[in-house]
Amino acid sequence: MPTFDLSEHPHRRYNPLTGSWVLVSPHRAKRPWQGQVEKAPVELRPAYDPKCYLCPGNERAGGQQNPEYTGTYSFVNDFSALLEDVPEGSYEKKGIFRAESQRGVCKVICFSPRHDLTIPQMEVRAIRKVVDLWVEEYEELSSKDFINYVQIFENKGAIMGCSNLHPHGQIWSQSTVPEVPALKTYYQQKYHKSHGSSLLADCLREELKGNERIVTANDRFVALVPFWAVWPFETMIIPRRHVQNISQLTDEEKSALADIYKRVTVRYDNLFEVSFPYSAGIHQSPTDGQDHRAWHMHVSFYPPLLRSATVKKFMVGYEMLAEPQRDITPELSAARLRELPERHYTE
Ligand code: H2U
């Protein structure tokens, strides 16, 4: 028997942030593919669309009118999934059927007045304004006594369910820490207690030694494909300094976050020469007033594309019923992303 090799043999990898596992099948990445491979048509969009509900000056579906904004702009989601005024209460029957009321605030964030741009096409200066708005929103929402967690995220591309191509993101904030950030809170605290250090700082130190999964970096942040990545080209941006949330970032770090966000998303677009779809978001400390020194904030990108502009990874059958699975190893994905230019393919 040959010795166990992560690049050859089927294995499971552990995610120390959530306690979950992913099945990796490197040998299958070599199997023949008969699916159709085609380039997505390039879409030409106007800088202003009179029918877009996010463009400056336009009317939204709820009847409200956007101001003639020139930078970023945020508003309370007209169809919020969470509401501020909800009576407190819970439901319980036989210990089996349980429910609890939930309060929250949902916001929509316009990244730019330009309808035809996406983050990778924006200038770092303009992305920095988005970072500033995230910080402002995080601080404002967390100051409300009923908000205990603020989830900042972006759905990019129609296949991610994005309803409008105007560059925008969302924030959902609520009274309970939801499941994924709650798991990350638990596992980071556990690690911090037993090791006396940040799980992600220790992870980063190891990653920087090997350079096997690093995609790109600047003075303040590193972008890498995590060892435990589920999606084919999943990446994570980690601050080099152990900070719990975006409101602790220095001025320099905020600009560096804008810079690395652009570097990652430009590489994504360049991979299949398409506006690369993904869901991305910031995981950071809950705003519930507890001691969260173990938290190390990070940005996660979950893109579904696998092999071309149109062939995506299906999280179906085994993934739905058992656990996530991937063929291409995180090391190979990182190598592919690393070798791409940091200049957008349309320039
Ligand atoms: P996506 O990021 O998934 O495209 O969602 C856009 C959000 O914008 C969605 O949650 C909100 C929807 O409720 N929206 C408004 O708040 N006002 C509108 O006029 C249309 C859409």
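Residues numbered from 1 in each chain as written. Predicted model: local features only at pLDDT ≥ 70, side-chain atom pairs only at ≥ 80, totals over all residues. Heavy atoms only, no water.

Student: Looking at this structure, how should I read the overall build of the chain?
Tutor: Helix and strand content of the chain: six helices and 14 strands. Whereas a compact globule of 347 residues would reach a radius of gyration of roughly 20 Å, the chain reaches 21 Å, a difference of no more than 12%. Across its three principal axes, the chain shows a C-alpha extent of roughly 65 × 55 × 45 Å. In the chain, which comprises 347 residues, the share counted as buried stands at 51%. If you take every contact in the chain between residues at least 6 apart in sequence, the share linking residues at least 24 apart comes to 69%. Accessible surface computed for the chain: about 17600 Å², of which carbon and sulfur atoms make up 52%. (Helix = DSSP H or I, 4+ residues; strand = E, 2+ residues; numbered from the N terminus. Rg over C-alpha atoms; globule rule 2.2 N^0.38 Å. Buried < 20%, exposed > 50% of the residue type's maximum accessible area, 1.4 Å probe, protein only. Contact = heavy atoms within 4.5 Å. Areas by Shrake-Rupley, 256 points an atom, 1.4 Å probe, with all protein chains shown as cover.)

Student: Before we go on, may I ask you to explain the site of the ligand in this structure?
Tutor: Within the structure, the ligand sits among 15 residues, and A61, N77, D78, S163 and H168 are positioned closest to it. Between the ligand and N155 there is a distance of 3.4 Å, counted from an oxygen atom to a side-chain nitrogen or oxygen. Residue composition of the shell around the ligand, grouped by class: six nonpolar, seven polar and two charged. (Near = heavy atom within 4 Å. Polar contact = N/O pair within 3.5 Å; in protein donor to acceptor, adjacent residues only side chain to side chain. Nonpolar A, V, L, I, M, F, W, Y, C, P; charged D, E, K, R; others polar.)

Student: Help me understand the sheet that holds strand β2 (residues 20–24) in this model?
Tutor: Note on sheets: strands pair through backbone hydrogen bonds, and any given pair is parallel or antiparallel. Across the sheet, which stays open at both edges, the three strands sit in the order β1-β2-β14 with mixed pairing between neighbours. Edge positions in the open sheet fall to β1 (11–15) and β14 (325–326), since each of these has one partner strand only. Relative to β14, β2 runs parallel, the two being bridged by two bridges. The residue bridging V24 from the neighbouring strand is R326, located in β14. (Pairing = 2+ DSSP bridges.)

Student: Whenever I open this one, the sheet that holds strand β12 (residues 278–283) confuses me. Can you help?
Tutor: Taken in spatial order, the nine strands of this open sheet run β3-β6-β8-β7-β12-β13-β11-β10-β9, and their pairing is antiparallel. Since the sheet does not close on itself, it has two edges, and those belong to β3 (73–76) and β9 (214–217), each with one partner. On average, each strand axis in the sheet is tilted by 20° relative to the strand beside it, whichever way the strands run. Looking at chain direction, strand β7 (residues 149–156) and strand β8 (residues 168–174) are connected through five bridges and run antiparallel. Bridge assignment links V150 to a residue of β8, and that residue is S173. Across the face of the sheet, helix α6 (residues 330–338) comes into contact with β9 and β11 (235–239) while running at roughly 40° to β9. (Axes fitted to C-alpha atoms, helices over the stretch in contact; angles between N-to-C directions.)

Student: What should I look at first to understand the pattern of salt bridges in this one?
Tutor: Pairing between side chains of opposite charge can happen when the charged atoms of each approach one another. On inspection of all chains with the given rule, the structure shows 22 salt bridges. A salt bridge links D269 to K156; the nearest nitrogen and oxygen atoms lie 3.5 Å apart. Here K156 lies in strand β7 and D269 lies in helix α4 (residues 251–272), a separation of 113 residues in the sequence. Judged by its relative accessible area of 2%, D269 falls in the buried class. Between E342 and R267 there is a salt bridge, and its shortest N-O distance comes to 2.9 Å. With a gap of 75 residues between them, E342 in the segment after α6 and R267 in helix α4 connect regions that are remote in the sequence. By relative accessible area, E342 is classed as partly exposed at 31%. Each of R13, E207, E212, R213 and E331 takes part in one network of salt bridges that share partners. (Salt bridge = Lys/Arg side-chain N within 4 Å of Asp/Glu carboxyl O.)

Student: In this structure, what is going on with the packing of α4 against α6? I would like to understand it.
Tutor: For any two helices packed against each other, the geometry is given by the interaxial angle and the distance between the axes. For the pair α4 and α6, the least separation of the axes is 9 Å and the interaxial angle reads 95°. Relative to α6, α4 is oriented roughly perpendicular. Every residue of α6 that contacts α4 at R267, Y268, L271 and F272 is listed here: R336, L337 and R338. (Parallel < 35°, antiparallel > 145°, perpendicular 65-115°, else oblique.)

Student: I keep staring at unusual backbone geometry and nothing clicks. Help me out?
Tutor: Outside of glycine, negative phi angles account for most residues, and trans bonds account for most peptide bonds. Phi at K94 takes a positive value of approximately 55°, unusual for a residue other than glycine. By secondary structure assignment, the location of K94 is in the loop between β4 (90–93) and β5 (97–100). The phi dihedral of E273 falls on the positive side, at around 50°, and the residue is not glycine. Take E273: it is sitting in the loop between α4 and β12. Among the residues examined, E273 registers a relative accessible area of 38% and is labelled partly exposed.

Student: Explain the nonpolar core to me, please; I cannot follow it from the model alone.
Tutor: Nonpolar side chains in soluble globular proteins tend to be buried together. The biggest cluster of nonpolar side chains holds 52 residues, and the ones touching the most others in it are W134, I237, I246, Y261 and F301. Looking at this core, the elements that each hand over two or more residues are β6 (104–110), α1 (124–142), β7, β10 (221–224), α4, β12, β13 (298–302) and α6. When residues of this core are assigned to their parent elements, the largest contribution, nine residues, is made by α4. Not counting chain neighbours up to four residues away, the residues in contact with I237 comprise F221, V222, A223, L257, I260, Y261, V264, H298, V299 and F301. Core analysis: the next-biggest nonpolar cluster, separate from the first, contains twelve residues, L17, Y191, V222 and I238 among them. (Core = buried A, V, L, I, M, F, W, Y, C linked by side-chain atoms within 4.5 Å.)

Purely geometric numbers; function is a separate question.
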